[in-house]
Amino acid sequence: MYLTRFQFPDREQENRFFAGIRRTCYDSFYPFRVHTARGLTELEMEEITILYGGNGSGKSTALNVIAETLGLRRDTLFNRSSFFGEYTALCRYETGRPIPVDSRIITSDDVFDFMLNVRHLNEGVDRRREDLLDAYVDAKYNSGGFQMRSLEDYDRLKQVVSAQKHSQSQYVRENLNRNVREHSNGESAFQYFTEKIQENGLYLLDEPENSLAPALQRQLVDFLSDSARFFGCQFLIATHSPFLLAMRGAKIYDLDADPVRVRPWTDLPGIRAYYDFFREHAPEFDGP
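The sections below set out a description of the structure shown in this document. Along each chain, the written sequence defines residue order, and numbers are assigned to residues from 1. Totals for whole chains, interfaces and linings use every residue, but because this is a predicted model, local features are given only for residues with pLDDT of at least 70 and side-chain atom pairs only at 80 or more, for both listing and counting. To get the side-chain values, all heavy atoms of the structure are used, and hydrogens and water are removed first.

## Focus: a nonpolar patch on the surface
Right, so step 1: Patch definition: residues with relative accessible area over 30% and no salt bridge; like charges joined within 9 Å; nonpolar side chains (Val, Leu, Ile, Met, Phe, Trp, Tyr) joined within 5 Å. Accessibility throughout is a Shrake-Rupley quantity obtained with a 1.4 Å probe, and a residue counts as covered only by protein chains that appear here. Put simply, a salt bridge is a Lys or Arg side-chain nitrogen that is within 4 Å of an Asp or Glu carboxyl oxygen. Together, Tyr274, Phe277, Phe278 and Phe285 make up an exposed nonpolar region whose accessible area comes to about 460 Å².
Right, so step 2: With three residues, helix α10 (residues 269-280) is the largest single contributor of residues to the nonpolar patch.
Right, so step 3: Residue position: Phe285 is located in helix α11 (residues 282-285). Strands here are runs of E lasting at least two residues and helices are runs of H or I lasting at least four, both read from the DSSP assignment and numbered beginning at the N terminus.

So this is what it looks like as structure tokens:
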């Protein structure tokens, strides 16, 4: 493992910090008091460590604090508060091995921005495809008697020759960007994870299940498990997904508990809610 232990400021450290503040006009001291509210001062890591909890439980805050303290890479900025630097300065951590330089945090904003870029690329390609279809028809059927009179006509000549030699679909394929990603949003999101997660790295994932259908979530579980088991990766994941929570050997911190504690995934309130729901509807699954 790379990261073995991470310590957040405890209540005494926070009180000392507040005692040194002279101005009291701030609306928020975030991220102070987020984790001490439920007694979270330390995380002891495994190869796969998971933070579970509802909105406002501090999952994303914990990941951002750890990423900033460790200086991990990230693709999109996040909203830092006025006290974020003071808070991370009070954090401490221990490592088993040096943290690789390519380690990173991956957030929902990163994945969403990637999907938007793919969508814009594909929209541009769609427009280019229509232009090429028009150009093919023009070159194929409206070029009778064309003669090359100067070098300025060379591109037009190549267009006419290509249209005469190829079918419409062949012409479009030859002239279209071959790097187009023809994926759904979920497939693009899954591709983002497989491109960013390389061998031998520490990765912090903030709700990676967003934009992934259940089948792709299960594929992501297999990918993350293999990356941890065979390719030297360590993961800290914030998630609600039952598929991710059920990962073999994962250590799960329940941030909804007071105080925060480690729990098996089958005891988590959200998972019990799923279990009770499907048990109530079991006869509908056992129909003819």
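## Focus on the pattern of salt bridges
Right, so step 1: Under the counting rule described, the total for this entry stands at twelve salt bridges.
Right, so step 2: Residues Lys59 and Glu207 are paired through a salt bridge, measuring 3.7 Å at the closest nitrogen-oxygen approach. A residue pair is termed long-range when its members are at least 10 positions apart, and Lys59 in helix α2 (residues 59-70) and Glu207 in the loop between β6 (202-206) and α8 (214-230) qualify at 148 residues. Taken as a pair, Lys59 and Glu207 share a single burial class, namely buried.
Right, so step 3: Between Arg263 and Asp254 there is a salt bridge, with its nearest N and O atoms 2.6 Å apart.
Right, so step 4: Here the residues in one salt-bridge network are Arg5, Glu42, Glu44 and Glu94, joined through shared partners. The classification of residues rests on relative accessible area computed with a 1.4 Å probe and restricted to protein chains. Under 20% of the type maximum is buried, over 50% is exposed, and intermediate values are partly exposed.

## Quick notes on the sheet that holds strand β8 (residues 251-254)
Right, so step 1: Between any two strands, pairing holds if DSSP finds at least two bridges. The six strands are arranged β5-β6-β7-β3-β8-β9 in an open sheet whose pairing can be described as mixed. Across the chains shown, the open sheet's two edge strands, defined by having one partner strand only, are β5 (104-106) and β9 (261-262).
Right, so step 2: Of the strand pairs in this sheet, strand β3 (residues 48-52) and strand β7 (residues 234-238) are connected by four bridges, and their pairing is parallel. When the sheet's bridge partners are listed, Ile50 is paired in β7 with Ile237.

## Some thoughts on the sheet that holds strand β1 (residues 3-7)
Right, so step 1: If you walk across this open sheet you meet the three strands as β2-β1-β4, and the pairing is antiparallel. Two strands close off the open sheet at either side, each with one partner strand: β2 (42-44) and β4 (92-95). Taken over all neighbouring pairs, the strand axes of this sheet differ in orientation by 10 degrees on average, direction set aside.
Right, so step 2: Pairing of β1 with β4 involves four bridges; the strand directions are antiparallel. Across the sheet, residue Leu3 finds its bridge partner in β4, namely Thr95.
Right, so step 3: The strands touched by α2 are β1, β2 and β4; relative to β1, the strand with the most contacts, the crossing angle is about 110 degrees. A fitted line through C-alpha atoms represents every axis, and for helices the fit uses only the stretch in contact; the resulting angles, taken between N-to-C directions, go from 0 to 180 degrees. Residue contacts are counted whenever heavy atoms from the two residues lie within 4.5 Å of one another.

## Some remarks on the layout of surface pockets
Right, so step 1: Here a cavity denotes grid points, spaced 1 Å and computed from the protein atoms alone, that fit a 1.4 Å probe unable to get out, and a pocket denotes an open set having protein on both sides within 12 Å along at least 5 of 7 lines; residues with an atom within 4 Å of a point are the lining. Grid points are joined across faces, edges and corners, and a volume is the space filled by probe spheres set on the points. Looking at the largest pocket, its volume works out to about 270 Å³.
Right, so step 2: Around the largest pocket sit Glu46, Glu47, Ile48, Val221, Asp222, Ser225, Asp226, Ala228, Arg229, Arg248 and Gly249, which together line it.
Right, so step 3: When residues in the lining of the largest pocket are grouped by element, the largest group, six residues, is from α8.
Right, so step 4: Of the residues in the lining of the largest pocket, the class split is three nonpolar, two polar and six charged. Classification convention: Asp, Glu, Lys, Arg as charged; Ala, Val, Leu, Ile, Met, Phe, Trp, Tyr, Cys, Pro as nonpolar; all other residues, Gly among them, as polar.

## Observations concerning the side chain of Glu209
Right, so step 1: Relative to the assigned elements, Glu209 resides in the loop between β6 and α8.
Right, so step 2: Nearest to the buried, unbridged Glu209 among oppositely charged side chains is Lys59, at 7.7 Å.
Right, so step 3: A distance of 2.8 Å separates the side chain of Glu209 from the side chain of Thr239, its partner in a polar contact.
Right, so step 4: Side-chain polar atoms of Glu209 contact the backbone nitrogen of His240, separated by 3.0 Å.
Right, so step 5: Beyond its immediate sequence surroundings of up to four residues, Glu209 is in contact with Gln217, Ala238, Thr239, His240, Ser241 and Leu244. Lys and Arg are tallied as positive, Asp and Glu as negative. Neither His nor the chain termini are counted. What qualifies as a polar contact is a pair of N or O atoms within 3.5 Å, subject to a donor-acceptor requirement within protein and to the restriction that residues adjacent in sequence count only when both atoms come from side chains.

## Considerations on the packing of aromatic side chains
Right, so step 1: By convention, a stacked pair of Phe, Tyr or Trp rings (six-membered ring in the case of Trp) has centres within 6.5 Å and planes under 30 degrees apart, an edge-to-face pair has planes over 60 apart, and any other such pair is tilted. Across all of its chains, the model carries 14 aromatic pairs by this definition.
Right, so step 2: With centroids separated by 4.3 Å and ring planes inclined at 5 degrees, the aromatic side chains of Phe17 and Phe32 adopt a geometry described as stacked. A residue pair is termed long-range when its members are at least 10 positions apart, and Phe17 in helix α1 (residues 11-19) and Phe32 in the loop between α1 and β2 qualify at 15 residues.
Right, so step 3: By relative accessible area, which is 18% here, Phe17 ends up buried.
Right, so step 4: The cationic tip of Arg33 hangs over the ring face of Phe18; the distance from NZ or CZ to the ring centre is 4.0 Å. Charge-over-ring placement is defined geometrically: NZ (Lys) or CZ (Arg) within 6 Å of the ring centre, and within 35 degrees of the ring normal.

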